[in-house]
Amino acid sequence: LRLAQVDYLNQISGRKCTLLLDDIAAELDREHQQRMSEILAETPAQIIATATDQSNNLNLAWKRYSKFHVKHGSITEH
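Treat the numbers as computed from the prediction; the structure is a model and nothing was measured.

Turning to the confidence of the model for the protein, a few remarks are in order. Here the protein averages 83 in pLDDT, while 87% of its residues score no lower than 70. Within the protein, the element-level pLDDT minimum falls on strand β3 (residues 68–71), averaging 85, and the maximum on helix α1 (residues 2–13), averaging 91.

Have a look at this one:
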């Protein structure tokens, strides 16, 4: 439903949304993580996603992304 809203808002206003996604891997199995990743890769939005496990499938379909690691208050870019 949220992705439909993003698409609709982009169509009627021409403006891009920002999606905040918190640990999708905790809610979806591997197959559905991959499907969600492919859908998000085509979504006209800025996406900020968090994860507790670096081995998730979310970034496999994304062509361009920045990855940051936060540990004990220190941020590093990967």
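Next comes the rest of the description.
This part takes up unusual backbone geometry. Residues other than glycine seldom take positive phi values, yet D23 does so here, at roughly 45°. Look at D23 and you get buried, because its relative accessible area is 16%. Unusually for a residue other than glycine, H72 sits at a positive phi of about 50°. Assignment of secondary structure puts H72 in the loop between β3 and β4 (74–77). With a relative accessible area of 76%, H72 lands in the exposed category.

Analysis parameters
- Residues numbered from 1 in each chain as written.
- Predicted model: local features only at pLDDT ≥ 70, side-chain atom pairs only at ≥ 80, totals over all residues.
- Heavy atoms only, no water.
- pLDDT = per-residue confidence, 0-100.
- Helix = DSSP H or I, 4+ residues; strand = E, 2+ residues; numbered from the N terminus.
- Buried < 20%, exposed > 50% of the residue type's maximum accessible area, 1.4 Å probe, protein only.

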